[in-house]
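For reference, the chains in residue letters:
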There are 2 protein chains.
Amino acid sequence: MPAVAQDARLPQPAREEIRIEQVLAALGDPVRLQYVRELAKCADGVACGSIPLPITKSTRTHHLRILREAGVISMRVEGTRRIAHLRRDDLDALYPGLLDGILAAPH
Amino acid sequence: MPAVAQDARLPQPAREEIRIEQVLAALGDPVRLQYVRELAKCADGVACGSIPLPITKSTRTHHLRILREAGVISMRVEGTRRIAHLRRDDLDALYPGLLDGILAAPH
DNA sequence: GTCGAACTTCGATGTCCGTCGTACGATCGC
DNA sequence: GCGATCGTACGACGGACATCGAAGTTCGAC
C-alpha cells in the first residue's frame, strides 16, 4: 500500500449549491457555532475528536454532518480520523463579510 | 391628545444585549429571512402586513416577534399598524459585514 | 356609537431537531 | 490475529418550534 492511501473527501455541496438558509440554520446552533469558531483558529484543519465539548460522539457526528451538508465545513478521511476544515474561501466568495462578521462576535 | 400620540417602540434588546446565536437562529428560517430581505429594501421601515407571504396573521406575529427579540428588527406602533425596521446600524456595529454578506446571497 | 381593519394572545397540533445509548465498521499498532 | 481507538448508523425520546383557528383588543373612519 502507498504511504498515503486515502485523500477521501466526504460528500459536500459544491460552491454553487450552497444555500444561505441552510448555512444560517447550521450556524444557529450554539454547539455548531462553537465548532466553527474552533475551526476558524486553525486554517489547516482540525481532527474532529480533538475539540472538547460536553456532548457525546454521536451528537458530534450529527452536528458535523449538518455543517458539512450545509457547505460550512469539509471533511477529509485520514486513517481512523476525520479532519475538518472550514470552507472559508467558498463562504467568503458567496457571502463576503459573513464569516468575519460572525467571528467578530464576543464569545 | 397631541397629534402624534404614540412613539411606542415594542420591547427589544439593547445593542449590547444582542447575542449572535439568537441572531443566526432567527435568520435561519426561510420565512424570517424573506422578511429581512424585504425590510432591507426600505430603510425607513415597512408596515408588517404589507409584505405578502403565504402565512396567516398569527404566524406572522410569531416570526416578527422572534426577529424583534433577537435584535434583528425594531417595531414601532403607529395607529393600528406596526412599522418594522431593520436594525442595520446595530447589526453592522456588532458584526460588520454579516448583513451585507447575507443580503448578497442569490434569492 | 358602530363597524371594520390590523395585530395579538391563547390553545392545540404536528413535525423537526438535539441528545443519547448501543451496536456496528474501519483503521492502526502490537 | 487482537485489541484499542475513532467514527458512523440506527432507534428512541423529549422539548422546541412553525403553523393554524378563534377570540379578543385597539384604533381609525364614518
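Just above, that's the structure.
These figures come from a predicted structure and were not determined experimentally.

Caption draft 1: Geometry of the protein's contact with DNA strand D. The environment of DNA strand D is formed by 21 residues, the closest being A:Gly49, A:Ser58, A:Thr61, B:Ser58 and B:Gly79. Those elements giving two or more residues to the surface near DNA strand D turn out to be α3 (57-70) and β3 (81-86) of chain A together with α3 (57-70) of chain B. Ranked by the residues each element gives to the surface near DNA strand D, the list is headed by α3(B), at 5 residues. In terms of residue class, the surface near DNA strand D is made up of 6 nonpolar, 11 polar and 4 charged.

Caption draft 2: Just the environment of A:Asp44, in detail. All names here are of chain A. The residue Asp 44 is located in the loop between α2 (30-41) and β1 (46-47) in this model. The class for Asp 44 is exposed, based on 6 C-beta atoms found within 10 Å. Through-space distance from the C-alpha of Asp 44 to that of Ile 83 is 9.1 Å; in sequence the pair is 39 residues apart.

Caption draft 3: Spotlight on the sheet that holds strand β1 (residues 46-47) of chain B. Residue and element names in this part refer to chain B. Across the sheet, which stays open at both edges, the 3 strands sit in the order β1-β3-β2 with antiparallel pairing between neighbours. Edge positions in the sheet fall to β1 and β2 (73-78), since each of these pairs with one other strand and no more. For β2 and strand β3 (residues 81-86), the ladder comprises 6 bridges, and the chain directions are antiparallel. Looking at β3, one finds that Val 77 is bridged to Arg 82. Each of β1, β2 and β3 touches helix α2 (residues 30-41); the most contacted strand, β3, lies at about 85 degrees to it. Here α3 sits on the sheet and contacts β2 and β3; the angle it forms with β2, its principal contact strand, is near 120 degrees.

Caption draft 4: Seen up close, the nonpolar core. With 48 residues, the main nonpolar core has A:Val23, A:Leu27, B:Val23 and B:Leu27 as its most contacted residues. If near-sequence neighbours (up to four positions away) are discounted, A:Leu27 is found in contact with A:Arg32, A:Leu33, A:Val36, A:Val72, A:Ile102 and B:Leu24.

Caption draft 5: Examining the sheet that holds strand β2 (residues 73-78) of chain A more closely. All names here are of chain A. In spatial order, the strands read β1-β3-β2; together these 3 strands make up an open sheet with antiparallel pairing. Unpaired on one side and paired on the other, β1 and β2 mark the two borders of the sheet. Taken together, the 2 bridges between β1 and β3 define a ladder with antiparallel strand orientation. Across the sheet, Ala 47 pairs through a bridge with Ile 83, a residue of β3. Taken strand by strand, α2 contacts β1, β2 and β3, and its axis lies near 85 degrees from that of β3. The sheet contacts of α3 involve β2 and β3, and relative to β2 the element is tilted by about 120 degrees.

Caption draft 6: Seen up close, the environment of B:Arg32. Residues and elements named next belong to chain B. With respect to the helices, strands and loops of the structure, Arg 32 is situated in helix α2. Residue classification places Arg 32 among the buried positions, given that 22 C-beta atoms sit within 10 Å. Separated by 26 residues in sequence, Arg 32 and Ser 58 place their C-alpha atoms 14 Å apart. Beyond its immediate stretch of four places on either side in the chain, Arg 32 contacts Ala 26, Leu 27, His 63, Ile 66 and Leu 67.

Caption draft 7: View of the protein's contact with DNA strand C. Taken together, 21 residues surround DNA strand C, and among them A:Ser58, A:Gly79, B:Gly49, B:Ser58 and B:Thr61 come closest. Contributing elements (two or more residues each) for the surface near DNA strand C: α3 of chain A together with α3 and β3 of chain B. In terms of residues, the surface near DNA strand C owes the most to one element, α3(A), which gives 5 residues. Looking at the surface near DNA strand C residue by residue, the classes come out as 6 nonpolar, 11 polar and 4 charged.

Caption draft 8: Broad picture of the relation of the copies chain B and chain A. Here chain B sits on chain A after a turn of 180 degrees about the axis and a move of 0.0 Å along it, with an RMSD of 0.0 Å. In symmetry terms, the pair is related by a two-fold rotation axis. When you check the interface residues of chain B against chain A, 100% turn up at the interface there too, and the contact is symmetric in its surfaces.

Conventions used here
- Residues numbered from 1 in each chain as written.
- Chains lettered and ligands numbered in written order.
- Predicted model: local features only at pLDDT ≥ 70, side-chain atom pairs only at ≥ 80, totals over all residues.
- Near = placed C-beta within 6 Å.
- Helix = DSSP H or I, 4+ residues; strand = E, 2+ residues; numbered from the N terminus.
- Nonpolar A, V, L, I, M, F, W, Y, C, P; charged D, E, K, R; others polar.
- Buried ≥ 20, exposed ≤ 12 C-beta atoms within 10 Å, placed from the backbone.
- Pairing = 2+ DSSP bridges.
- Contact = placed C-beta atoms within 7 Å.
- Axes fitted to C-alpha atoms, helices over the stretch in contact; angles between N-to-C directions.
- Core = buried A, V, L, I, M, F, W, Y, C linked by C-beta atoms within 7 Å.
- Least-squares fit on C-alpha atoms with pLDDT ≥ 70 in both.

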